Every structure is written in structure tokens, then in C-alpha cells.
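Coordinate inspection notes
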Amino acid sequence: MFAIIALSFVCSGSAQSVLGKWKMVDDKNGKARCIVHIYEKDGIVYGKILELLNPDKKDAVCKDCDDHRKNKKVEGMVVIENMKKAGDKYEGGEILNPDSGKFYRCKLWLDEHNSDVLHVRGYLAFFYRTQKWYRIED
């Protein structure tokens, strides 16, 4: 009995968190674009691009950004900021598209059937786009 309780505790631990490393897959062409590390600092969740997966884009910079990220390398850039837990979702922050330099309101949540799938939604007014990211590491 103790083994079953211990196993259920382990399985419900970090696998149920948005924190960790995620592979971002382009919802338009199905290609893996980058690895993003989602982490928490002082109760706020952020996402940082650890690696661009296209070798031709390794030195890409955010030329259209209009803040401190302008002309900075995309690899290593924080692109998700100020996300706060709200029930089973994270919201209230922003996500940056380094290809365009544009910010969008953001919402993150785990797939209800598979906690290794993260839904990432960016909003602009009433329009939104949702991508599925895939867990590669807790």
C-alpha cells in the first residue's frame, strides 16, 4: 500500500508543472524551432530560449524588438514574462515573438490528458494563436 501511495505522489509531482524544458513546434509547418526553459523566480514564471534548432538561425537577433532586446541574440533571450498562476493556468504576462518583435498577452496550461504537452496561447485583442509545446525535461 505504501508503494502505491509513494508512486502516485512521485507521478503527480513535477510532471504536473509547466516548469521545465519544452520543445516549441511551429503550428504552421510542424517543425521544431527551439528549446524553451520555463522557470519560476519569486513566484513569477518566465520562459527563456535556450537553443534555436535550425543551424541557419543560431546567430539570429531580434532586429524588430523595440526594447532592451533590440539586436540581441534570440538564443538566451527571455520571451515569456510575468506569468502568474491562476487556477490550473498561468496568465497575466506576455510572450514575445522574436521574429516580429511583437508582444502578445499570454496564457499557459498543461493538456488535460497529457501533462507533457503545454498549450501556449498568444492574444492580440480578440485574436489568438495557440501552439503545443512538448516537454523534454522537468
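The rules we used
- Residues numbered from 1 in each chain as written.
- Predicted model: local features only at pLDDT ≥ 70, side-chain atom pairs only at ≥ 80, totals over all residues.
- Heavy atoms only, no water.
- Helix = DSSP H or I, 4+ residues; strand = E, 2+ residues; numbered from the N terminus.
- Buried < 20%, exposed > 50% of the residue type's maximum accessible area, 1.4 Å probe, protein only.
- Polar contact = N/O pair within 3.5 Å; in protein donor to acceptor, adjacent residues only side chain to side chain.
- Salt bridge = Lys/Arg side-chain N within 4 Å of Asp/Glu carboxyl O.
- Pairing = 2+ DSSP bridges.
- Axes fitted to C-alpha atoms, helices over the stretch in contact; angles between N-to-C directions.

Section: the environment of Glu112
- Among the secondary structure elements, Glu112 is positioned in the loop between strand E6 (102–110) and strand E7 (117–124).
- Given a relative accessible area of 73%, Glu112 falls into the exposed group.
- For the pair Glu112 and Gln16, spaced 96 residues apart in the sequence, the C-alpha separation amounts to 10.0 Å.
- A polar side-chain atom of Glu112 sits 3.5 Å from a polar atom in the side chain of His113.

Side note on the pattern of salt bridges
- Applying the stated criterion to the full structure yields 10 salt bridges.
- Across the pair Glu51 and Lys58 runs a salt bridge, and its minimum N-O distance is 3.5 Å.
- With relative accessibility at 28%, the residue Lys58 sits in the partly exposed group.
- In this structure, the salt-bridge partner of Asp67 is Arg69, at a minimum N-O distance of 2.7 Å.
- Note on Asp67: relative accessible area 24%, which makes it partly exposed.
- Where salt bridges share partners, they join Asp26, Arg33 and Asp99 into one cluster.

Describing the sheet that holds strand E4 (residues 78–86)
- Here 8 strands make up a closed barrel; going around it, the order is E1-E2-E3-E4-E5-E6-E7-E8 and the pairing antiparallel. When strand polarity is set aside, the average angle formed by the axes of neighbouring strands in this sheet is 30°.
- As defined by bridge partners, E7 adjoins strand E8 (residues 127–137) across 8 bridges and the pair is classed as antiparallel. By the bridge assignment, Val120 is partnered in E8 with Gln131.

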